[in-house]
Amino acid sequence: MHIASKALRWQLERTPIKVFEIIARLVDTPMTQGRGKGKIQLDTLVEEFWRNSSRDHYEMLIGKSKLLYLLQQFLPQVAEKIMRPGL
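Residues numbered from 1 in each chain as written. Predicted model: local features only at pLDDT ≥ 70, side-chain atom pairs only at ≥ 80, totals over all residues. Heavy atoms only, no water.

Undergrad: Sorry, what's going on with helix α2 (residues 42-54) here?
TA: An α-helix turns once every 3.6 residues. As a result, residues three or four positions apart point the same way. Along its 13 residues, α2 runs 18 Å from first to last C-alpha, staying within 8% of the 18 Å computed at 1.5 Å per residue. Those residues of α2 not exposed but buried are L45, E48, N52 and S53. The buried side chains of α2 occupy one side of the element, clustering within an arc of 125° when seen end-on. α2 presents D43, E47, W50 and S54 as exposed residues on the side facing more than 90 degrees away from its buried surface. (Helix = DSSP H or I, 4+ residues; strand = E, 2+ residues; numbered from the N terminus. Expected span 1.5 Å × (residues − 1). Buried < 20%, exposed > 50% of the residue type's maximum accessible area, 1.4 Å probe, protein only. Arc of directions from axis to C-beta.)

Right, here's the structure in full:
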């Protein structure tokens, strides 16, 4: 998805359309009711999105996904264990 978002953003550079990529934890919505723990609140996601989008930050790591991103870069096996707790 990251590469697809970036490619679409490049293709639309000369248009008024902006393509943002949001990487966040599971969001607490009716659709995710009863699934997962430590969900991010929808209001928190929206606030961070608006703050980042107004500064033209096209790739957004929101909440604890920042830590997971760093782990993926430097300790991918640890990140995988977090993402797949059954391992």
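Undergrad: Explain unusual backbone geometry here, please?
TA: Peptide bonds are mostly trans, and most non-glycine residues show a negative phi. Despite not being glycine, D56 shows a phi value in the positive range, around 55°. Within the secondary structure layout, D56 lies in the loop between α2 and β4 (59-61). When its relative accessible area of 34% is taken as the criterion, D56 is described as partly exposed.

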